[in-house]
Amino acid sequence: MSRIGKKTIAIPAGVTVEFKDGVVTVKGSKGTLSREVKGAIDIKNEGGVLSVLALNDEKETNALHGLYRALIHGMVVGVSEGYVKALEVKGVGWKVAKQGTKLVLNVGFSHPVEFNQPAGITLECPTPTDITVSGIDKVLVGQVAADLRSIRVPEPYHGYGIRYKGEHIEHKEGKTSGKGKK
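Participant: So what exactly am I meant to see when it comes to the sheet that holds strand S2 (residues 16-20) here?
Facilitator: Within a sheet, neighbouring strands are paired by backbone hydrogen bonds and run either parallel or antiparallel to one another. Across the sheet, three strands lie side by side as S2-S3-S4; this open sheet has antiparallel pairing. Edge positions in the sheet fall to S2 and strand S4 (31-36), since each has one partner strand and no second. The average undirected angle you get between the axes of adjacent strands in this sheet is 15°. The pairing of strand S3 (residues 23-28) with S4 spans six bridges and is antiparallel. Bridging across to S4, Lys27 finds its partner in Thr32. Packing of helix H2 (residues 59-80) onto the sheet brings it into contact with S2, S3 and S4, and relative to S4 it is tilted by some 170°.

In structure tokens form, the structure reads like this:
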């Protein structure tokens, strides 16, 4: 039995959770999220505490038990608080600007790169070198942040690139001249 699946989920005030016909729907002040639940999994809402139950002891059910508990917990946190990922751009003359719903990145290419803002995500540029990705869906926020980072992955010699705020990039030593070798 899954250790994570056994944990209960406390439902904050203002959040409602419904489970009907294999679909769990979570509504809160920031929006609504829904997800299909497959397998022999049941969800019980008892007095503001949500329990995810495995209906049998099969291997597949045990694997899905912890997964769905974690996904539903992410949905509850998302509709009540939301998720934010911060990125920073490091490079000489590199900058980012928001134009309507597009993010325009000047990150060392011969042309500016345009990134369209997906539905359900808010992209902001508080400074020319910072990007903030926010939304209620944890998976989507993380995926959009990873897509932005993949435009220019930080390189290990100078550290230029798009990185998560606070991410440490291991620096490598540059080439040596080769003089003095025998």
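Let us keep going from here.
Participant: Help me understand the sheet that holds strand S10 (residues 113-116) in this model?
Facilitator: Taken together, three strands build an open sheet; the order of strands is S8-S9-S10 and the sheet is antiparallel. With one partner strand each, in any of the chains shown, strand S8 (95-99) and S10 form the two edges of the open sheet. The sheet shows a mean angle of 25° between the axes of neighbouring strands, direction not considered. Of the pairings in the sheet, the one linking strand S9 (residues 102-106) to S10 comprises four bridges and is antiparallel in character. When the bridges of S10 are listed, Leu105 appears paired with Val113. Packing of helix H3 (residues 138-151) onto the sheet brings it into contact with S9 and S10, and relative to S10 it is tilted by some 175°.

Participant: For this particular structure, what's the right way to read H2?
Facilitator: Given 3.6 residues per helical turn, the α-helix brings residues three or four places apart onto the same face. For H2, spanning 22 residues, the distance from its first C-alpha to its last is 33 Å, which sits close to the expected 32 Å at 1.5 Å a residue. Within two residues after H2, Gly82 carries a phi angle of roughly 90°, on the positive side.

Participant: So what exactly am I meant to see when it comes to the environment of Glu36 here?
Facilitator: Mapped onto the fold, Glu36 is located in strand S4. Note on Glu36: relative accessible area 49%, which makes it partly exposed. Residues Glu36 and Pro118 lie 82 residues apart in sequence; the distance between their C-alpha atoms is 22 Å. Sequence-distant contacts of Glu36, that is, excluding residues within four places in its chain, are made with Gly22, Val23 and Tyr68.

Participant: Any chance you could explain the packing of aromatic side chains here in plain terms?
Facilitator: Across all of its chains, the model carries one aromatic pair by this definition. An angle of 50° between the planes, with centres 5.9 Å apart, marks the rings of Trp94 and Tyr160 as tilted. You can see Trp94 sitting in the loop between strand S7 (83-90) and S8 and its partner Tyr160 sitting in the loop between H3 and strand S13 (161-164), a full 66 residues away along the chain. Relative accessible area serves as the criterion here: at 11%, Trp94 is assigned to the buried category. In this structure, Arg152 is placed above the aromatic ring of Phe109, and the distance from its NZ or CZ to the ring centre is 4.6 Å.

Participant: Looking at this model, I keep getting lost on the side chain of Asp42. Mind explaining?
Facilitator: Position of Asp42 among the secondary structure elements: in strand S5 (residues 41-46). On the accessibility criterion, Asp42 (18% relative accessible area) is buried. Among the polar contacts made by the side chain of Asp42, one reaches the side chain of Lys44 at a distance of 3.2 Å. For Asp42, the contacting residues outside a window of four places in its chain are Phe19, Ser51, Val52, Leu53 and Leu55.

Participant: Just to check I follow, could you spell out H3 for this structure?
Facilitator: Across its 14 residues, H3 extends 21 Å between first and last C-alpha, which sits within 8% of the 20 Å expected from 1.5 Å per residue. Taken residue by residue, H3 has Val141, Val144, Ala145, Leu148, Arg149 and Ile151 as its buried positions. With its buried residues spanning 150° around the axis, H3 presents them on a single face. Taken together, the buried residues of H3 touch S7, S9, S10, strand S11 (121-124), strand S12 (130-135) and S13.

The rules we used
- Residues numbered from 1 in each chain as written.
- Predicted model: local features only at pLDDT ≥ 70, side-chain atom pairs only at ≥ 80, totals over all residues.
- Heavy atoms only, no water.
- Pairing = 2+ DSSP bridges.
- Helix = DSSP H or I, 4+ residues; strand = E, 2+ residues; numbered from the N terminus.
- Axes fitted to C-alpha atoms, helices over the stretch in contact; angles between N-to-C directions.
- Contact = heavy atoms within 4.5 Å.
- Expected span 1.5 Å × (residues − 1).
- Buried < 20%, exposed > 50% of the residue type's maximum accessible area, 1.4 Å probe, protein only.
- Phe/Tyr/Trp six-rings, centres within 6.5 Å; stacked < 30°, edge-to-face > 60°.
- Lys NZ or Arg CZ within 6 Å of the ring centre and 35° of its normal.
- Polar contact = N/O pair within 3.5 Å; in protein donor to acceptor, adjacent residues only side chain to side chain.
- Arc of directions from axis to C-beta.

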